[in-house]
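Here is what each chain is made of, one letter per residue.
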Amino acid sequence: MNSAPDERPDPDALLASMQREETQSKAGKLFIFLGMCPGVGKTFAMLQAARQRYKEGVNLLVGLVETHGRAETLALLDGLNVLHRRKMEYRGRILEEFDIDAVLQQRPDLVLVDELAHTNAPGSRHAKRCQDVLELIGAGIDVYTTLNVQHIESQVDIVRQITGVAIQETVPDSILDQAHEIQLIDLGVEKLLERMAEGKVYMGERAEQAVSHFFKEGNLTALRELALRFTAERVDRDLEDIRRSKRVSSPWKTSARLLVGVGPSPYAESLIRWTRRTAGRLNCPWLVVWVEGLRSLNSSQQETLTRALGLARKLGAEIVPAAGDDVASVLLRVARERNVSQIVVGKPESRSRFRKSLADRLIDESGDIDVCVIRPLASGKTPAVSTMVASPAASLVGQYGWVAALVFILTSLGSGLATVAGYMVVALLFLLAVVVAALRMARGPVLVLSALLALSWNFFFIQPSFTFFISKPEDIVMFGLFFVVAISMGHLTSRLRQRERVESRRQRETAALLQFTQQAALATGPANGVPAALRLIEDLFRIEVALVERSPDQSLDQSTRAVGSRQPAGKEWGVINWAFENRHPAGRFTDTLPDSSATWFPVQTSTSIMGVLGVWLPRETSLDFGMRQTLEAFVLQLALVLEKEHIIQAVNRAELLEQSEKLRRTLLDSVSHELKTPLAVIHAALDGLGEDGNPYVSEIRTANQRLQRVVSHLLQMTQIESSVVEPHREWCDVSDIVRSAQESVRESLAGRMIELSVPPDLPAVKVDAMLIAQAIANMLHNAALYTPAGTPVQVSVSLAAGSILTIVVRDHGPGLPSGEEELLFAKFYRSPGSPAGGTGLGLAIVRGFVQAHGGTVSARNRPDGGAEFTLALPVETATV
Amino acid sequence: MTAAPVALIIDDEIQIRRLLRLALESRGYKVHDAAAGQLGLIEAVNVSPDVILLDLGLPDMDGLEVLKRLREWSDVPVLILSVRDHESVKITALENGADDYVTKPFSTGELAARLAAIRRRNVMESQAEATLGHLQIDFSARTVHSRGEEVHLTPTEYALFKILARHAGKVVIQKQLLREVWGPQASGQAQYLRVYINHLRRKLSLTDDSDVKLINEPGIGYRLIS
């Protein structure tokens, strides 16, 4: 009772990190059965392997297997536990899907999920089946799955070159890297064609012609080579890992690092895949650099870029956004900073005679860095190039209008001015106009304005007027200079302005982040800091947000009100919970539950998750890569703020608890002092009187004993109620405890037989001896009170299951009133007809002390008469 | 004839002081008392008592503090008399030099027996031989006889028994037994102790109904009483 309950400042964080380590260590294993094309027998092989494991006693569940009606495959399923598919309706059709929730609920050791590359029906939790599989592995379940080589993301381009078929369903290479084992299922091409002819190969639902095109002998041989090579590369890499781990210095160029520069072009995805394949072969890290230039992207470019960067992220690249208007120098700067050994760029489509292409410039300036120029394939989804000027078109038309008006006004002004000051002054006026216009307008209109003003100057002001003919040579030079100056000034100014715009956006973001951090750090409590911080995010991104914080017990409570300008709708909670549990963004613009109206980001630090932040973007905008990165930076800040708040709260709580604990103890001590001192005086005084046979004295003595018992019961009960009871476990001998209990109630037992049975080989156990002795004493006292004088009481001690200490007290009295077995342990409960002199607390105290040990106590009537009380305590035992 | 033993009572409750005085004087003690810690310490210097009865809840300072200051210069036997009955309080007091511990309410008979035991401690520590019920102990020859017959004890058993016998009647805390028998590193391993205590009980017939008992005070230690 003396030691304070163990309150650490934030056990949450500790617990969370321990839990995470635990989950990492027990992540499931992924086994992939890889084939070159449908029909080689992947599913068959998978089922055979699974049957073997089943025989070994593994708890196996067939999550989903496509048998395509083949009898021999069906036969292998016989006797296995097959999961029902989840039926869902989509646009009037009933679709059957793999039921991931059912698997997570059943928690088998191993689950079979066919066709890893499958795309789930809309409305499923994940867009792709491979995400389901990743979640299963994360939950510690082993997975067997099948995959054809053409579905591997990095091989898609090659497959397209071989077969001419663009594969839509792909699996990122990163999932293959996570595989514990990849088993290649190989079949000779002739054999396969034979099987096809026999109709043993499922062709899918595609048009017959496309299929027959795909299954040509040449294609199949190439695909087979691809599958074999892919597996061989992987084996090679494994081997290399082994060698590397055994040797200190390796003959491999371990410092290799690839960098690929991408922009909003349709070739970006192909470049990224190529780099990933090469990096995979070299087993080296790779960077994807996106140079944010001066030109702002239109929405389709934005989309292309976001898709490309999303692919890079999926394939495991490190994405480095960089800013600058000269792509080549930016790429080289990043390459030098990051120690890159090889830069990958696309081959220019057409070579210009006058301007050096990016590739040329890189080759010229790269120094010791290798430059790899490859011919990329345009991705299947070609963005409409014609929409280059989509949204600002309206304002552009306006600007051209302004240009026309300006030319007209300036020419009229100039004609007035020319008569007074000469036509040279007019040229200066026009130049001024160009500079001013460049500050306001886009580059196109400025250039047009420059050109028009130059012509106007020539036509109206240079002699001879009203012709484009120039007679004086110096005027020709002037005109040429004017033209050049106007155009380059317009160009420079507009570039300056764009750079300024990019800078100011960055500055605004940085300032907001800074303000956010300051505000949060200075806020007096979460009630002030967090809403202000959220408002800042809303204003900066022009979005709506909602923050759902976790409750102190690490869980999300659906009834908690979200902080922010919007409340999540009921159906959003599925997404929220998923994002919280899997610590991964989910919802709109992600691959998980994309149908939801908001994007949900987990608000987490490296150690713990504090909640989930929902973000609602205006309907027509999309979450582009840059915005997502900035948003994630804010979310991290938010997580740090919340974590700080939680830690402060935990510390305050601990301090408060300690204070009240101290107060309670002091109070208890002083109350017990006040109550026990007079009792001690009476007791001692009675002792002083001695046994003189005076009946009054013996009555006082009895009453005093009763009073002592009541006081100590009340005090003990108060301790239990205020949870001051904290077992102080020490190694003890159970028979010593029982003996000491017996000693303390010697007077009430008065001459009864106590039959103690303790196994001689009972080891020492770790319990709070005093509490257990008190519990046994109370039970013995009860036995004495409720059974006829002289009847024996049995106490037997045993150790069940090696770690449950049971102490049974049996009496030979009338037994318990039936139906009251539970009530007996309630506070102040006294069964009807009890003899006077009890407090009704004895058994409640027994239960309190036993529960403090994490044990249980129960009572029953024995079939052969008498009552039986059983204490069961989980204990640590000594082996000596 | 030896002079009457002097007892000093340090307790803030006047009734307790009066009663203890009555009880002790009737058993031949010369009694002094003090109502507070400071006064108690001064009295201890002035009257050089043979035994001190100390309450833990004193108005001016904690009883433990009184004990610690007393132990700085004196090894007079001290009996703690307190309403605090938790084992950790008892252990703390015993570790800080108290000789025994009695919780209120107490029986005066028991109190007198404990006082006698802790006063005997000094005598037992200097004796070469002692008799406890049916046991004769020869500390110089390191032998123990039970009802006239020599009992063979292993060195560890003897070391353990010697400490208990030297402190006969008084509780010896587990930590002290472990430290003195097995050395300073063993203080956490109470399960050794329990095994040897059982050996002693069997070899020396220290059963519950014999004239010498080796009893356990749960969570605190062992006491050899005759």
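### Re the overall build of chain B
Along chain B, the regular secondary structure elements total eight helices and 12 strands. In chain B, the share of contacts with a sequence separation of at least 24, taken over all contacts with a separation of at least 6, comes to 56%.

### Thoughts on the environment of N861 of chain A
Residue and element names in this part refer to chain A. Assignment of secondary structure puts N861 in strand β23 (residues 856–861). Through-space distance from the C-alpha of N861 to that of L816 is 6.2 Å; in sequence the pair is 45 residues apart. N861 has contacts with G815, L816, S818 and A867, leaving out every residue within four places of it along the chain.

### What to know about the interface of chain B and chain A
Listed as interface residues are 28 residues of chain B and, on the opposing side, 32 residues of chain A. At the level of secondary structure, the elements contributing two or more residues to the side of chain B that touches chain A comprise α1 (14–26), α4 (87–95), α5 (108–126), α8 (190–203) and β11 (213–217) of chain B.

### Description of the packing of helix α22 (residues 695–721) of chain A against helix α26 (residues 842–852) of chain A
For any two helices packed against each other, the geometry is given by the interaxial angle and the distance between the axes. Residue and element names in this part refer to chain A. One way to put it is that α22 packs onto α26 with a least axis distance of 10 Å and a crossing angle of 35°. Considering the relative orientation of α22 and α26, their crossing is left-handed. Only G842, A844, I845 and G848 of α26 make contact with α22, whose side of the interface consists of H713, Q716, M717 and I720.

### Comments concerning the nonpolar core
The biggest cluster of nonpolar side chains holds 62 residues, and the ones touching the most others in it are I10, I52, L53, L54, V78 and I80 of chain B. When near neighbours in sequence (up to four residues on either side) are disregarded, I80 of chain B contacts L54, L56, G63, A93, A98 and Y101 of chain B. Membership of the second largest hydrophobic core comes to 53 residues, among which are L60, L110, I152 and L220 of chain A.

### Considerations on the sheet that holds strand β8 (residues 258–262) of chain A
Residues and elements named next belong to chain A. The sheet built from five strands is open, its strands ordered β10-β9-β8-β11-β12 with parallel pairing. Two strands lie at the open edges of the sheet, namely β10 (318–323) and β12 (370–374), each paired on one side alone. Within the sheet, the average angular offset between the axes of one strand and its neighbour, ignoring direction, is 25°. As judged from the three bridges shared by β8 and strand β11 (residues 342–346), these two strands associate in the parallel manner. Within the sheet, the bridge partner assigned to V260 lies in β11 and is V344. In this fold helix α11 (residues 268–282) packs onto β8, β9 (286–292), β11 and β12, with an angle of close to 175° to the strand it touches most, β8.

### Section: the environment of L617 of chain A
Turning to its location among the elements, L617 of chain A is positioned in the loop between β17 (609–616) and α21 (625–689). Leaving out residues up to four positions away in the same chain, L617 of chain A has contacts with I543 and L623 of chain A.

### Looking at the pairing of strand β1 (residues 30–35) of chain A
All names here are of chain A. Counting buried residues in β1 gives six out of six residues, a clear majority hidden from the surface. Side chains L30, I32 and L34 of β1 all project onto a buried face; the interleaved residues F31, F33 and G35 project onto the opposite face, where all are buried too. Relative to strand β6 (residues 142–148), β1 is paired through six bridges, and the arrangement is parallel. Within the sheet, the bridge partner assigned to G35 lies in β6 and is N148.

### Here's the deal with the environment of N339 of chain A
All names here are of chain A. Looking at the secondary structure, you find N339 in the loop between α13 (327–337) and β11. For N339, a count of 10 C-beta atoms within 10 Å gives the class exposed. Placed 83 residues apart in sequence, N339 and A256 show a C-alpha to C-alpha distance of 8.7 Å.

What counts as what
- Residues numbered from 1 in each chain as written.
- Chains lettered and ligands numbered in written order.
- Predicted model: local features only at pLDDT ≥ 70, side-chain atom pairs only at ≥ 80, totals over all residues.
- Helix = DSSP H or I, 4+ residues; strand = E, 2+ residues; numbered from the N terminus.
- Contact = placed C-beta atoms within 7 Å.
- Axes fitted to C-alpha atoms, helices over the stretch in contact; angles between N-to-C directions.
- Left-handed = near helix turned anticlockwise from the far one by under 90°.
- Core = buried A, V, L, I, M, F, W, Y, C linked by C-beta atoms within 7 Å.
- Buried ≥ 20, exposed ≤ 12 C-beta atoms within 10 Å, placed from the backbone.
- Pairing = 2+ DSSP bridges.

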